Protein chains: 2
Amino acid sequence: MGGIKSERLLSRLEELASIGARSDGGVCRLAFSDEDLAGREYVITHLKRLGLEIRIDAIGNLFGILRGQTNLGAVMIGSHTDTVAAGGKYDGALGVLAALEAVECIVESDSLPRRSVIVASFVNEEGVRFMPDMMGSLFFCGRVSLEDVRLTSDTGGNTIGEELDRLSYAGSDILDDIGVDFFLELHIEQGPVLVDAEIDVGVVTGVQGLSWAEVTVSGTANHAGTTPMERRQDAGEAAGAILTRLRDLPSLIEDLRLTIGSVTYHPNLVNVIPQEVVFTIDARHPDLRALKKAEAQIASIIQKTGSETACSVTSRSLARVEPCDFSETVIAAVEAAATDHNLSQRRMKSGAGHDAQILSGSVPSGMIFVPSEGGISHNPSEYTTPENIIRGANVMLHATRNLAGRL
Amino acid sequence: MGGIKSERLLSRLEELASIGARSDGGVCRLAFSDEDLAGREYVITHLKRLGLEIRIDAIGNLFGILRGQTNLGAVMIGSHTDTVAAGGKYDGALGVLAALEAVECIVESDSLPRRSVIVASFVNEEGVRFMPDMMGSLFFCGRVSLEDVRLTSDTGGNTIGEELDRLSYAGSDILDDIGVDFFLELHIEQGPVLVDAEIDVGVVTGVQGLSWAEVTVSGTANHAGTTPMERRQDAGEAAGAILTRLRDLPSLIEDLRLTIGSVTYHPNLVNVIPQEVVFTIDARHPDLRALKKAEAQIASIIQKTGSETACSVTSRSLARVEPCDFSETVIAAVEAAATDHNLSQRRMKSGAGHDAQILSGSVPSGMIFVPSEGGISHNPSEYTTPENIIRGANVMLHATRNLAGRL
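Residues numbered from 1 in each chain as written. Chains lettered and ligands numbered in written order. Predicted model: local features only at pLDDT ≥ 70, side-chain atom pairs only at ≥ 80, totals over all residues. Heavy atoms only, no water.

1. Some words on the overall build of chain A
No. 1: Looking only at helices and strands, chain A has 13 helices and 16 strands in total.
No. 2: Dimensions of chain A, computed from C-alpha atoms along their principal axes, come out at roughly 80 × 45 × 40 Å.
No. 3: Counting every position in chain A, which comprises 407 residues, the buried fraction comes to 59%.
No. 4: Contacts spanning at least 24 positions in sequence make up 78% of the contacts within chain A whose residues lie at least 6 apart.
No. 5: Total accessible area computed for chain A in this model is approximately 15,000 Å², and 48% of it derives from carbon and sulfur atoms.
No. 6: Charge separation in chain A, taken as the distance between the mean sites of 35 positive and 55 negative side-chain charges, equals 3 Å. (Helix = DSSP H or I, 4+ residues; strand = E, 2+ residues; numbered from the N terminus. Buried < 20%, exposed > 50% of the residue type's maximum accessible area, 1.4 Å probe, protein only. Contact = heavy atoms within 4.5 Å. Areas by Shrake-Rupley, 256 points an atom, 1.4 Å probe, with all protein chains shown as cover. Lys, Arg positive; Asp, Glu negative; His and termini not counted. Charge placed at Lys NZ, Arg CZ, Asp CG, Glu CD.)

As structure tokens, this is what we get:
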């Protein structure tokens with residue numbers, strides 16, 4: 001059984017990265033933009049060249065179907081080609097192009113597998129301009145409606161529906177006639193674990209759960225020079241007291257990842273006491289019980305610390321995804337593929353959300369991680385070595401063949 | 001000696017407030033905007049009606065001159081008519097319209113004072129769109145050059161020079177032929193001291209000093225889900241540690257007013273570890289030694305706390321104004337006027353900066369404060385009762401007559 005064609009895959013990664021290329025070496029293909037559409041067209045061109053059957057659903061998810069010898073449920077492989085505003089060349093793109101490469105190798109081998117293999121590219125995995133993230137896989141799994149997706153608007157008031165129509169981005173295909181029995185996604189780790197431990201391949205056993213909240217602290221805007229300290233209702237000071245306690249939580253709950261990524265002051269002027277501060281909390285944990293414990297402590301800190309200040313404090317949940325466990329069948333197929341290629345491997349949880357996490361609610365799923373240099377992603381300097389790309393893609397091809405050959 | 005004509009002054013305050021009126025009852029006359037020009041035209045119309053000699057300097061400062069009987073140095077009275085973006089009806093406007101009212105009363109009295117009286121309206125006191133604040137009085141006192149003013153740009157890259165030309169806002173007059181011996185400004189307190197103590201008039205003895213700094217904390221943007229806590233360079237966490245200690249300073253230095261008004265996160269996304277946080281510090285104290293002590297402790301906290309974090313921290317001074325003491329002659333004139341009107345009065349420092357503070361570097365100066373309901377200013381709900389407006393304007397008229405009659 002041959003391996004992938006390394007140069008072909010590597011040069012396609014560069015070609016796709018040239019679509020929406022940034023001057024700093026990064027990539028910008030925000031979902032439902034002209035660049036995002038051009039990226040998808042690039043993939044379609046190659047799927048067509050291989051003679052695959054193309055289907056595009058009502059929100060733009062792309063599928064290229066290689067028919068197998070039987071009507072057994074298909075193996076779906078892929079990822080996404082949208083990026084964050086200042087993204088890199090590998091997040092998402094690697095998973096789609098490695099899936100294309102795997103199917104191309106299968107086509108070239110002239111030995112059709114038992115099961116159909118479907119290359120999938122899901123829209124709006126990043127959720128930067130239009131929330132939530134992983135929107136394409138959520139829609140594919142029936143967890144958001146077409147109407148809700150189309151009415152989703154960005155901060156400028158433009159809706160996805162308008163962008164789909166403007167770009168002729170949507171299709172009318174469905175995939176209901178083809179059962180999907182497995183989903184497998186190759187992705188960069190986006191963290192430093194594999195690089196630090198010098199491990200070739202991460203065998204992903206699941207995705208940690210996530211809980212996002214937004215907290216609004218309301219005080220009174222007033223003059224910085226004339227308002228005595230004891231007369232102030234300073235939303236910044238109250239928010240700061242809450243943030244200090246929240247930032248202690250990871251030292252109290254093992255394996256908790258907690259990020260205060262967004263803090264916005266209003267009116268945000270040097271000489272005006274802040275009237276309002278809005279901040280977000282991103283809490284993640286691989287264990288559901290620990291995640292719930294973190295959520296309870298976050299709520300308690302917001303309530304208790306907030307009540308000790310002169311300001312009013314409210315909070316709301318922005319998103320919540322429970323931890324998921326991947327299919328032991330898919331995990332075993334990945335492990336076997338890595339072993340056959342003599343690669344070092346480690347079972348690990350994913351810290352980031354992925355389409356595979358959504359698929360796993362409907363289909364036995366799994367993921368392969370390759371090392372991210374410096375643990376950096378969502379950044380123009382995101383980088384994975386050619387050697388590791390090739391290793392990951394070979395594991396992808398091998399595991400896909402394994403799953404597609406099953407009875 | 002008669003008093004001011006109350007209804008005339010109160011109705012002019014409403015008329016001026018209708019220029020740039022906001023739907024929420026506030027006023028927006030940002031410096032060098034169409035509304036700001038219209039506000040100045042309103043004042044010019046009235047100065048001309050009184051037969052005053054109008055002069056407009058190269059950055060748009062307005063002067064209306066009532067010639068006195070002698071060539072003794074003039075008494076200048078006034079304030080500004082620009083506002084913050086969501087300002088009130090009284091900040092600045094009261095000082096200019098009360099000066100107009102005082103001169104109108106003097107004209108109507110048919111008894112010319114010894115000294116000339118000049119109504120002054122200085123441009124860009126607020127410094128919202130174009131920094132620094134008190135720009136008009138700084139220029140008048142020769143402390144900023146015409147070239148520097150004209151080249152000052154807003155965040156959109158537009159310069160004051162372009163706006164002056166677009167609006168034909170500037171004149172070519174100078175005031176060098178007229179000596180100015182006194183400056184007096186009536187202003188709302190913008191703080192709660194007079195209202196809380198139920199005092200009619202504040203006799204302002206000086207302005208507290210001010211020190212503004214901007215701190216930039218630089219970390220590394222990374223994925224909130226995949227980056228282990230111990231591997232992070234979180235600019236938000238580092239900034240938070242500094243802010244917590246800075247906010248303790250007012251409890252250590254008596255009478256220090258410290259405000260963190262602006263905090264800006266970058267990239268400011270829920271699931272990205274903050275790469276950079278920029279925040280401002282506004283420190284004010286009426287005593288120069290205490291202000292310097294505060295500046296030293298601020299620098300020490302930034303340096304020490306910053307060095308304990310994984311991020312790099314830099315800071316720069318944005319503005320610095322030393323505390324000023326007003327002229328005992330002007331202070332005594334204000335006290336005498338308040339006493340003659342049987343008003344309760346209190347000597348106090350100004351918490352906010354004012355044109356009088358700049359003028360005091362060149363001319364014996366003073367200020368009169370009237371109570372601000374709730375201590376609120378720079379806000380559409382800024383309010384001073386008609387009774388207090390009339391009291392303040394009468395003190396203004398009386399003190400102006402006193403100063404203008406001096407040998």
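2. Quick notes on the domain arrangement of chain A
Size of an interface: often given as the accessible area lost when the parts come together.
Residue and element names in this part refer to chain A.
No. 1: Here chain A is described as being made up of domain 1 (6–208 + 323–404) and domain 2 (209–321).
No. 2: Of note, the centres of domain 1 and domain 2, computed from C-alpha atoms alone, are 35 Å apart.
No. 3: Each partner contributes to the interface: domain 1 provides ten residues, whereas domain 2 provides eleven residues.
No. 4: Of the roughly 810 Å² buried at the junction of domain 1 and domain 2 (both faces included), carbon and sulfur atoms supply 61%.
No. 5: For domain 1, the biggest contributors to the area lost against domain 2 are Met131, Gln208 and Pro323; these three give 63% of the whole.
No. 6: For the pair domain 1 and domain 2, the interface holds zero salt bridges.
No. 7: Linking domain 1 to domain 2 there are one residue pair in polar contact (both at pLDDT 80 or more). (Domains from an automatic or database assignment. Buried area = accessible area lost by both parts, 1.4 Å probe. Salt bridge = Lys/Arg side-chain N within 4 Å of Asp/Glu carboxyl O. Polar contact = N/O pair within 3.5 Å; in protein donor to acceptor, adjacent residues only side chain to side chain.)

3. Concerning the relation of the copies chain A and chain B
No. 1: Placing chain A over chain B gives an RMSD of 0.1 Å and needs a rotation angle of 180°, together with 0.1 Å of translation along the axis. Overall, the copies show the geometry of a two-fold rotation axis.
No. 2: Most of the interface of chain A is mirrored in chain B, where 100% of its interface residues are also at the interface. (Least-squares fit on C-alpha atoms with pLDDT ≥ 70 in both.)

4. Some details on the pairing of strand S4 (residues 117–121) of chain B
Residue and element names in this part refer to chain B.
No. 1: Burial analysis of S4 places five of its five residues in the buried class, the great majority of the element.
No. 2: Both faces of S4 are covered, namely the face carrying Val117, Val119 and Ser121 and the face carrying Ile118 and Ala120.
No. 3: The pairing of strand S2 (residues 62–66) with S4 spans five bridges and is classified as antiparallel. Counted as the bridge partner of Leu66 is Val117 from S4. (Pairing = 2+ DSSP bridges.)

5. Here we look at the pairing of S2(B)
All names here are of chain B.
No. 1: Buried residues dominate S2, accounting for five of its five residues.
No. 2: Here S2 shows two buried faces, one formed by Leu62, Gly64 and Leu66 and the other by Phe63 and Ile65.
No. 3: Pairing geometry for strand S1 (residues 53–56) and S2, over four bridges, is antiparallel. Counted as the bridge partner of Ile56 is Leu62 from S2.
No. 4: Where S1 hands over to S2, the hairpin turn is made up of five residues, of which Gly60 adopts a positive phi near 105°.

6. Section: the packing of aromatic side chains
Residues and elements named next belong to chain A.
No. 1: Counted by the stated rule, this structure contains 14 aromatic pairs over all chains.
No. 2: Relative to Phe122, the ring of Phe63 lies with its centre 6.0 Å away and its plane at 80°, an arrangement referred to as edge-to-face. Highlighted residues: Phe63 in strand S2 (residues 62–66) and Phe122 in the loop between strand S4 (117–121) and helix H4 (135–140), separated in sequence by 59 residues.
No. 3: The interplanar angle of 55° and the centroid separation of 5.8 Å between the aromatic rings of Phe122 and Phe140 together place this pair among those described as tilted. With a gap of 18 residues between them, Phe122 in the loop between S4 and H4 and Phe140 in helix H4 connect regions that are remote in the sequence.
No. 4: Taking relative accessible area as the criterion, Phe122 reaches 1% and is therefore assigned buried. (Phe/Tyr/Trp six-rings, centres within 6.5 Å; stacked < 30°, edge-to-face > 60°.)

7. Considerations on the layout of surface pockets
No. 1: Size it by volume and the largest pocket reaches roughly 570 Å³.
No. 2: Surrounding the largest pocket, 26 residues form its lining, A:Leu269, A:Val270, B:Gly127, B:Val128 and B:Met131 being those nearest its centre.
No. 3: At the level of elements, strand S7 (209–218), strand S12 (276–285) and strand S13 (312–321) of chain B are the ones that each hand at least two residues to the lining of the largest pocket.
No. 4: Residues of the lining of the largest pocket, tallied by class, amount to eleven nonpolar, nine polar and six charged.
No. 5: In this structure, the second largest pocket spans a volume of roughly 460 Å³.
No. 6: A:Gly127, A:Val128, A:Met131, B:Leu269 and B:Val270 are the residues nearest the centre of the second largest pocket, which is lined by 25 residues in total.
No. 7: Every element with two or more residues in the lining of the second largest pocket is listed here: strand S7 (209–218) and strand S12 (276–285) of chain A. (1 Å grid on protein atoms, 1.4 Å probe; cavity = no way out; pocket = protein on both sides within 12 Å on 5 of 7 lines; lining within 4 Å. Points joined across faces, edges and corners; volume = space filled by probe spheres on them. Nonpolar A, V, L, I, M, F, W, Y, C, P; charged D, E, K, R; others polar.)

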